[in-house]
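Chain and residue survey
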Amino acid sequence: MLLEESFAARGHVNIRATHEKTVEVTKETHLTTQGDCIAAVAAEKGLRDLGSEMREAARRSDSIISLSLRLGDRVFTTTGRGDPNLTWEHPTDMVARMSGYTCPRTLMVHADKATIHIPRSLIPLLKDPQAAIAITVTVETPP
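Residues numbered from 1 in each chain as written. Predicted model: local features only at pLDDT ≥ 70, side-chain atom pairs only at ≥ 80, totals over all residues. Heavy atoms only, no water.

Further remarks concern the sheet that holds strand S4 (residues 64–71). With respect to topology, 4 strands assemble into an open sheet ordered S1-S8-S4-S5, the strand pairing being antiparallel. A single partner strand is all that each edge strand has here, and the edge strands are strand S1 (2–10) and strand S5 (74–81). Across the sheet, the mean angle from the axis of one strand to that of its neighbour is 15°, orientation sign disregarded. Of the pairings in the sheet, the one linking S4 to S5 comprises 8 bridges and is antiparallel in character. Its bridge partner lying in S5, Arg 70 is registered against Val 75. (Pairing = 2+ DSSP bridges. Helix = DSSP H or I, 4+ residues; strand = E, 2+ residues; numbered from the N terminus. Axes fitted to C-alpha atoms, helices over the stretch in contact; angles between N-to-C directions.)

For the structure on display, the rule yields 1 cavity of 30 Å³ or more. Counted as a void, the largest cavity has a volume near 30 Å³. Lining the largest cavity, in full, are Leu 69, Leu 71, Phe 76, Ile 118, Leu 122 and Leu 126. For the lining of the largest cavity, a count of residues per class yields 6 nonpolar, no polar and no charged. (1 Å grid on protein atoms, 1.4 Å probe; cavity = no way out; pocket = protein on both sides within 12 Å on 5 of 7 lines; lining within 4 Å. Points joined across faces, edges and corners; volume = space filled by probe spheres on them. Nonpolar A, V, L, I, M, F, W, Y, C, P; charged D, E, K, R; others polar.)

And the structure:
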């Protein structure tokens, strides 16, 4: 079963995308340069806003979860796993983690990429406050 939700977010002048372990998308509109894991701001959804069917599927350790950021014809995707400890309760944030750590902000664990892996040619686009970023979250579970 494949479940998918898409929503819009924006770029921000302070996006650095240099974190080595996570990728974050947030509904917050303010960003300092310390937020080096943040790839998009002003998102229309936080984890709590994603569908309950997706949330339940994400709690399966055999689920595959992806987070994609699309800017025009350019796409960056990180893919990881579900975990029984995922709650998807955070109202503003979603974090893809390369580690197995879970908290209310965790979208997926054991992700294959962090913001440091975003092609550097995409960073100027992500830094543009007018940039429209299409975010897609998918959860796939085996039959």
